[in-house]
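Secondary and tertiary structure notes
Residue-level listing of the chains:
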Amino acid sequence: MFGYSLETVYLGVLIVSGSLTLLYILLSDMIDGVFEMPDHPWFSPQLILSFFTVGSACGFLFERYTGMSSALIALISAGIAIIVVLLLHFFVFIPLRSAETSLNYSETDLEGSLAKVIVTVPSDGFGEILLQRKSGAISKPAKSMDNEEIASGTEVIIVKMENGVAVVAKHDPYYISSLHKGGYA
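Residues numbered from 1 in each chain as written. Predicted model: local features only at pLDDT ≥ 70, side-chain atom pairs only at ≥ 80, totals over all residues. Heavy atoms only, no water.

1. With respect to the sheet that holds strand 4 (residues 155-162)
In space, the 5 strands of this closed barrel follow the order 1-2-3-5-4, with mixed pairing throughout. The sheet shows a mean angle of 55 degrees between the axes of neighbouring strands, direction not considered. Pairing geometry for strand 4 and strand 5 (residues 165-170), over 6 bridges, is antiparallel. Its bridge partner lying in strand 5, Glu162 is registered against Val165. (Pairing = 2+ DSSP bridges. Helix = DSSP H or I, 4+ residues; strand = E, 2+ residues; numbered from the N terminus. Axes fitted to C-alpha atoms, helices over the stretch in contact; angles between N-to-C directions.)

This is the structure in C-alpha cells:
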C-alpha cells in the first residue's frame, strides 16, 4: 500500500493513533473547549482513536506473526477493535462520564438532611453541625429554629438554609411534625 508493506502501514497508524490518543487524554478538556465539538457518545474522539489504535495493533501483530491473507487480517482486526471499543464505551467511558458529576452541592440539597451538633447551638446564637454525605463530611454554622439551646451530640434536622447558616430543629424519629423540606410551621 503506497509502496510500503502492510506491516509498516499498520505500525505507522498505530504510532500516530496511539500518540493522538495520549495527547487527547492529556488535553481533552482544552481540545473540547477550543473546537466546540458536539458531545455524541458514539462519535467521541477517544472511541475513534481507540478503534484505530486497537485495529492497527491487531493488524500489525497478525501481519507479522500469521500467514493469513491481508483482507482477512483487516476484517479480524476491525472486528476485534469494534469489540474492544464497545467494551471501553460501556464499561469505562459511560461509568466515568456519570462519575464526572460534581461533588458540589447546593444549600437547598441540605434541607431535610440529618446532622449532628458538634458545637452547642445557643438559644440566641450560632453553633455548628456536621453532616455525613457520600462525598464526605460537611460542617455548617447552625442556629435553632425555635430559639432553644441544642446540646452538642444531639441529632438535628436541617429545616432550611439561610445565607449559609442551617436553621435546625431537634430530630425526633417518633414524631411526625409539619416540618418538611422547603418550609416549617
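2. Details of the nonpolar core
Counting residues in hydrophobic clusters, the biggest one holds 14 residues, and the most contacted among them are Ile129, Leu131, Val156, Ile158, Ala166 and Val168. Breaking this core down by element, the ones donating at least two residues are strand 1 (114-119), strand 2 (127-133), strand 3 (136-144), strand 4 and strand 5. Examining the composition of this core, we find that 3 residues originate from one element, strand 4, more than from any other. (Core = buried A, V, L, I, M, F, W, Y, C linked by side-chain atoms within 4.5 Å. Buried < 20%, exposed > 50% of the residue type's maximum accessible area, 1.4 Å probe, protein only.)

3. Points about the environment of Thr120
Its place among the elements puts Thr120 in the loop between strand 1 and strand 2. For the pair Thr120 and Thr154, spaced 34 residues apart in the sequence, the C-alpha separation amounts to 8.8 Å. Those residues in contact with Thr120 that lie beyond four places of it in its chain are Phe126, Gly127, Glu149, Ile150, Ala151 and Ser152. A distance of 3.3 Å separates a polar atom in the side chain of Thr120 from the backbone nitrogen of Ser152. (Contact = heavy atoms within 4.5 Å. Polar contact = N/O pair within 3.5 Å; in protein donor to acceptor, adjacent residues only side chain to side chain.)

4. Structural notes on the side chain of Ser113
By the secondary structure assignment, Ser113 is in the loop between helix 4 (107-110) and strand 1. You can call Ser113 buried: its relative accessible area is 15%. There is a polar contact of 2.9 Å between the side chain of Ser113 and the backbone oxygen of Leu110.

5. What about the environment of Val119?
Relative to the helices and strands, Val119 is located in strand 1. Taking the relative accessible area as the measure of exposure, Val119 reaches 40% and is therefore partly exposed. Considering only alpha carbons, one finds Val119 and Pro141, 22 residues apart in sequence, at a separation of 9.0 Å. Those residues within four positions of Val119 in sequence are excluded, and the remaining contacts are Gly127, Glu128 and Ser152.

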